[in-house]
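Structural overview
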Amino acid sequence: MSDYQTTPPPAPTSAGASDDNSIAMLVHLSGIFFSFIVPLIVWLVNKDKPEKAFLNANSKEALNFQLTLLGTYFISGILMVVLIGFLTYAVAWIGGLVFAILAGLAANKGETYRYPLTIRLIK
């Protein structure tokens, strides 16, 4: 056997993990402005890459939350006919803002955040 086959690959550097943390943070925070578009793109690009497991998990979680939030906005829009929709829309918007910030902070520290009250559509 040659040296090439017996030498293990170099260990990944922390720069790759730091980049994934930053991208995961941006995925969560992008939901504030772009809804589910950015988490969907990041998940589709990285879903088949085992070395991007952290980024994949965070983008799936953000995508599930943004789709749940989109459904909540839709139901709130229908409920605006009976005026309660204005309150549910405001609560959903504030909750979405707060949870996206909390998730972004957790992702920046290297943690996977689980959004509460989220329907897990993508597993």
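These numbers come from a predicted model, not from an experiment.

Some remarks on the layout of surface pockets
The volume enclosed by the largest pocket comes to roughly 190 Å³. Phe65, Thr68, Leu69, Thr72, Thr88, Val91, Ala92, Gly95, Gly96, Phe99, Pro116 and Leu117 are the residues that line the largest pocket. Top contributing element to the lining of the largest pocket by residue count: helix H5 (residues 84-108), with six residues. Here the lining of the largest pocket is built from residues that sort into seven nonpolar, five polar and no charged. By volume, the second largest pocket amounts to about 160 Å³. Broken down by secondary-structure element, the contributors of at least two residues to the lining of the second largest pocket are helix H2 (14-34), helix H4 (53-79) and H5. Here the lining of the second largest pocket gets five residues from one element, more than from any other, and that element is H5. When grouped by side-chain class, the residues that make up the lining of the second largest pocket number nine nonpolar, four polar and no charged.

Digging into unusual backbone geometry
Phi angles above zero are rare outside glycine, and Ser35 is one such case at about 55°. Mapped onto the elements, Ser35 comes out in the loop between H2 and helix H3 (37-46). If you check the backbone angles, Leu83 has positive phi at about 70° while not being a glycine. Relative to the assigned elements, Leu83 resides in the loop between H4 and H5. For Leu83, a relative accessible area of 60% puts it in the exposed group.

What counts, and at which threshold
Residues numbered from 1 in each chain as written. Predicted model: local features only at pLDDT ≥ 70, side-chain atom pairs only at ≥ 80, totals over all residues. Heavy atoms only, no water. 1 Å grid on protein atoms, 1.4 Å probe; cavity = no way out; pocket = protein on both sides within 12 Å on 5 of 7 lines; lining within 4 Å. Points joined across faces, edges and corners; volume = space filled by probe spheres on them. Helix = DSSP H or I, 4+ residues; strand = E, 2+ residues; numbered from the N terminus. Nonpolar A, V, L, I, M, F, W, Y, C, P; charged D, E, K, R; others polar. Buried < 20%, exposed > 50% of the residue type's maximum accessible area, 1.4 Å probe, protein only.

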